[in-house]
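Tertiary structure, described
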Amino acid sequence: MMEAEINLKRFLLNELKPKGKIFTVFNVVTLPIIIAGAFLIFYRIFYGLGATTNLSQSFPWGIWIGFDVMTGVAFAGGAYVLTFVVYILNAKKYHLIIRATVLNGFLAYVFYAGAIFLDLGRWWNILNPLIGNHFGVNSVLFLVAWHFLLYMIAEFIEFSPVIAEWLNLQKAKKVLSALTVGTVIFGITLSTLHQSGLGALVMMAKPNIHPLWYTEFIPILFFVSSIFAGLSMVIVESSISHKVFSEQLNEEHKKEVDDIILSLSRACAGALFGYFFLKLLVFIHGKHWVYIFSGMGLWYMVEVIGFVLFPCFLFLNGGRYRNLKVVRVAAVLSMVGIIINRFNYVFIAYKWYLPLSERYFPSISEIVITLAIVFAEIWVFRWIVNRMPVLREST
Amino acid sequence: MHSMDRVIKKRKGIKKSTDIKIGRRDFFRLTGSGVFGFMLCNLFGPKKSQGAEKEFYGVLCDTTRCIGCRACEFACAEANNHPSPDTEDKNIFDKKRDTTVKQWTVVNRYKTRAGDVFVKRQCMHCALPACVSACLVKAMRKREEGPVTWDKNCMGCRLCMFSCPFDIPKFEYESAYPTIEKCSMCWDRIKVGGYPACVMACPQEALLFGTKRDLIEEARTRIYKHPSKYYHYIFGEHEVGGTCWLYLSSVPFEEIGFRTDMGNTPLPEYTTGFLYSVPFVLVLWPLFLLAVNRITKRED
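Quick caveat: nothing in here was measured; it's all calculated off a predicted structure. (Residues numbered from 1 in each chain as written. Chains lettered and ligands numbered in written order. Predicted model: local features only at pLDDT ≥ 70, side-chain atom pairs only at ≥ 80, totals over all residues.)

Scanning chain B from terminus to terminus reveals 9 helices and 9 strands. Here chain B holds 300 residues, and 41% of them are scored as buried. Contacts in chain B between residues far apart in sequence, at least 24 positions, make up 66% of those at least 6 positions apart. (Helix = DSSP H or I, 4+ residues; strand = E, 2+ residues; numbered from the N terminus. Buried ≥ 20, exposed ≤ 12 C-beta atoms within 10 Å, placed from the backbone. Contact = placed C-beta atoms within 7 Å.)

What follows is the structure, encoded as structure tokens:
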């Protein structure tokens, strides 16, 4: 027994050491940003939001909400979509990438949704909605907060068999694996509600949102867009990690992953078209063409045609001609489209009537901290993939 | 004429009129339709009011009477321990001012065809406030007397600011221990039978305190009596479901800095559709997913 414990300790200590080359381009670029971000986070905590952000009384939300939370959670949507495909539809083909996707989803929630901590002016009260001081049960944000927490737990349980396998705990792995389907069902339900809930969050600000973007279908649009946002993220993430971690995969796997990406690109095209169609319905039903010949109208067209319809077309094309490059470009474009869309709701189409001089532009600190969070997530992802059986075949 | 009070103390013996769409009970009924409210209504919901129902109080601000002396600003600062504004400084009207963390009410001057019009700004104390509905910890609360107040259990998420159609809640960005600051309609005074500081300070009786029902009646009477003096509209009677503060003006309200495009629907109503759907998704979605899982299961 003692020996086993000592072995485990030795094993963990050994695993903590860095693996692979230290002075890579990625490390040299990202490490200074992570360190700078860490310092700025302290600065934000001790000197307040005014000292670090360009937020104002007119624009209470910036990129920490618009990118980290709103966009980050949409990008993390790949986890619930793929668990649906693998564990609910029982499409085994996609099992190959499920672990990496769930891990990525879980880390995205921890880091990006965790960034809400920075944005909260009175962060020391963050537990209040959980411990009942007080329960604001009528608030959409109350629902979203609870769902974030519960979903993080669900994702952790979904990923936990991998950790058990890493620690060579066979019995625990069996027990945890048995929880998967139940947790997946719970997780998909939570995702459906909080992905759309993030949209419902902005709906009370109707007088402040440009009519081209305001519709009673915002929650549905947010939900549908999280499908292709999540899948695009999966495409980009697996394209990169199968290059970076290629020594963990054999040739057959690589081929299969390419095949999966091509299938996902068709799914993305479908989701994007559905989304575009909903947008079109809202546009026609709301007689929105009266707004189209204005600056905001043009901006709307850029979003809907340039970053919804165009990537939809590219996904279709790339899928049909088995062109992975085109698919990757499409994935990046649709992700940019999501960023634009969420920014619109938070600070671009929001209070569109204010002059440029009173508008919000992110500060350097806000951008550095955001980048630091993204890079830190990638570091942790890499650390785990290099140690746990995420990509490589399970034993 | 001297009997014209700052305060309408008694109802004038008129039974419920239909002018006021939202009373206290409707307020709770509408906002009580939350997520878990659906299931936990009896546990956390408001207790059914017993006996006499209180009515929301409010203030009628007659801009045709205001002379821009800013005594209300001074009284507000005094009542809330804020730095006193320099009321002698008349140049201050050259720029439009917004309320701030340390100044919950400001008077602005608008040059209109009817001459200079002075308009006091502060929280409108909506009947169905978006800020209250937005708050996930009930730090923003609609009190039964009418005021919307802020409490220290706030997390500082600023969804109240994001949702407010009047841009009223102000956040203390410069502090590491920030608070949300806005007019409380002097709730601490009202709840013990007192009146808001600004109302008591006004030398022109431009501010009138009373129940919203009485204030609307009074506002109508003024318009009927002096039809050429007033623009025939009471701002706040219906805006975003009605507000506790009401305004009378000699010119259209767009000309004195009011938004008139925000509609009459209470803002929380825009999220009720979503909130109502939550329990259904929560119950039906897992059943559906489980069914699909069973159907697609292949024999190994």
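Take the interface of chain B and chain A next. Between chain B and chain A, the contact holds 57 residues from the first and 51 residues from the second. Secondary structure elements with two or more residues in the side of chain B that touches chain A: α2 (37–44), α4 (130–134), α5 (159–163), β6 (170–171) and α9 (269–296) of chain B. If you tally residues by element for the side of chain B that touches chain A, the top one is α9 of chain B, at 15 residues. In the side of chain B that touches chain A, the residues fall into 34 nonpolar, 13 polar and 10 charged. (Nonpolar A, V, L, I, M, F, W, Y, C, P; charged D, E, K, R; others polar.)

With that settled, the discussion passes to the pairing of strand β3 (residues 115–121) of chain B. As a general feature of sheets, a regular strand has side chains that alternate between the two faces. All names here are of chain B. The element β3 is largely enclosed, with a buried count of 5 among its 7 residues. Direction of pairing for strand β2 (residues 106–112) relative to β3: antiparallel, over a ladder of 7 bridges. Residue pairing across strands places Asn 108 opposite Val 119, the latter belonging to β3. In this structure, the hairpin formed by β2 and β3 is closed by a connection of 2 residues. (Pairing = 2+ DSSP bridges.)

Residues shown with low pLDDT carry predicted positions that ought not to be read at fine detail. All names here are of chain B. This prediction gives chain B a mean pLDDT of 87; 83% of its residues lie at or above 70. Ranking the elements of chain B by mean pLDDT puts α2 last, at 45, and strand β9 (residues 245–248) first, at 98. A low-confidence stretch, residues 11–21 stays under pLDDT 50, and its non-local contacts, those more than four residues away or across chains, total 10 contacts. Contacts from residues 32–51, a stretch scored under 50 in pLDDT, to residues over four places away or in other chains number 27 contacts. As a predicted assembly, this complex carries a pTM of 0.91 together with an ipTM value of 0.93. (pLDDT = per-residue confidence, 0-100.)

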